[in-house]
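# Descriptive analysis of the structure
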Amino acid sequence: MEATQRWNTVFIVIEFVVCLLGFLFNGLVILTICKNISRLSPSSYLILSIAVSDFLSCSIPFPFSIAAYFQGGWPYASTGCKAHAFMVFLFALVSITHLAIISAGKYLTISHSLTRQFYFGKNQILLAILAAWIYSFGFSLAPLVGWSRYGLEGTNATCSIVWDSTLPGDKAYFGVIFVACYFLPMGVITFCYYKIHMISKNIVGNARAQMGGHIAMTMTQALAKRHRKSALYFLIVIVAYMLSWTPYAIVSLLVVVVGKRVNAVATSACSVFAKTSFMMNPILYAIFFQKFRRQMVIVNPITIRQNQEVRPVNAPSHSQPFAL
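Report follows, based on the coordinates. Just so it is clear, the structure is predicted and the values come from calculations on it, not from any experiment.

### Quick notes on the overall build of the protein chain
Of the regular secondary structure elements, the protein chain holds eleven helices and two strands. Start at the N end of the protein chain and walk to the C end: the helices and strands fall as α-α-α-α-α-β-β-α-α-α-α-α-α. Out of the 324 residues belonging to the protein chain, those deemed buried represent 48%. In the protein chain, of all internal contacts separated by at least 6 residues, the share reaching a separation of at least 24 is 75%. Total accessible area on the protein chain is roughly 16,100 Å²; 68% of this is exposed by carbon and sulfur atoms.

### Overview of the side chain of Asn26
Locating Asn26 in the fold gives a position in helix 1 (residues 2-35). Of the polar contacts made by the side chain of Asn26, one reaches the backbone oxygen of Gly22; its length is 2.8 Å. At 2.8 Å, the side chain of Asn26 and the backbone oxygen of Phe278 are in polar contact. Not counting chain neighbours up to four residues away, the residues in contact with Asn26 comprise Leu21, Ala51, Asp54, Phe55, Phe278, Met279 and Pro282.

### Things to note about the state of the cysteines
As used in these notes, a disulfide is a covalent bond between sulfur atoms, one from each of two cysteines. For the coordinates displayed, the defined rule picks out one disulfide. Between the sulfur atoms of Cys81 and its disulfide mate Cys159 the distance is 1.9 Å. On the sign convention where negative means left-handed, the S-S torsion of about -120 degrees between Cys81 and Cys159 marks this disulfide as left-handed. Pair noted here: Cys81 is in helix 4 (residues 77-112) and Cys159 is in strand 2 (residues 158-161), with a separation of 78 residues, a long-range link. Free of any disulfide, Cys19 has its nearest neighbouring cysteine sulfur in Cys58, separated by 5.9 Å.

Criteria and cut-off values
Residues numbered from 1 in each chain as written. Predicted model: local features only at pLDDT ≥ 70, side-chain atom pairs only at ≥ 80, totals over all residues. Heavy atoms only, no water. Helix = DSSP H or I, 4+ residues; strand = E, 2+ residues; numbered from the N terminus. Buried < 20%, exposed > 50% of the residue type's maximum accessible area, 1.4 Å probe, protein only. Contact = heavy atoms within 4.5 Å. Areas by Shrake-Rupley, 256 points an atom, 1.4 Å probe, with all protein chains shown as cover. Polar contact = N/O pair within 3.5 Å; in protein donor to acceptor, adjacent residues only side chain to side chain. Disulfide = S-S within 2.5 Å.

See the structure below:
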């Protein structure tokens, strides 16, 4: 019991750090994008939606689990546990569906519309965002209305879907969830990035073999290189998300398919590790997207007074679209 309590202390410290940093960093991303709302590229609306989702996850369900640790029980008993699990699941699904949409957009841009910032227009993106939220909400709402259920898991430091249920209806839900909310988005992402790699490879090969039209081929190469670079940066964001959630997905899949109960500490560890994804995106944006990093510094309340006095030499023009 003492060992479990020590692990719960470790888990709650990690959750507190994720909650604090995720709240601050995602809040800064939202502020940065909203300050440039008049010149957003369509793809930036997807980033804004992900940031809002991650911000909400750090603002609401994380404090529930932190309060549960200090109170010795979940706020509002089982209702608080279920609310925590519902929101974490919802926001996790929002992230993976948005990443799949971004991947599809990058592929279609490189294959059909190199001269545009993003293949989809603003209205199409807003409809895709709405569809992604409805899709995610539908699957995360199901356990609250009787198709499967939410409950305590692992060391009781976290709540999630009750994966060890043997009811036929619950088993059917697990199968649908893994296919529709994990393997399908992963399949879309894998297909899109495979095609991006092949198209980029062909463009480079054709450019080397081309004897005439050097200017046109050089422009095509430059555009392809720009979009490919952006796609690769987003691939890093996707890989970080998948690295966070895949251990938990494997543990859950083992429980569902094999029927083998995994060690309680390991289950909670995978669950807590998965939630670190909610703070990772802003860090990766700052590292890999120079334009976004510059804008984050400009709108940061700590540095805004200096920026009002001395405008950075390389600050982007307000006439340019704001895009990652």
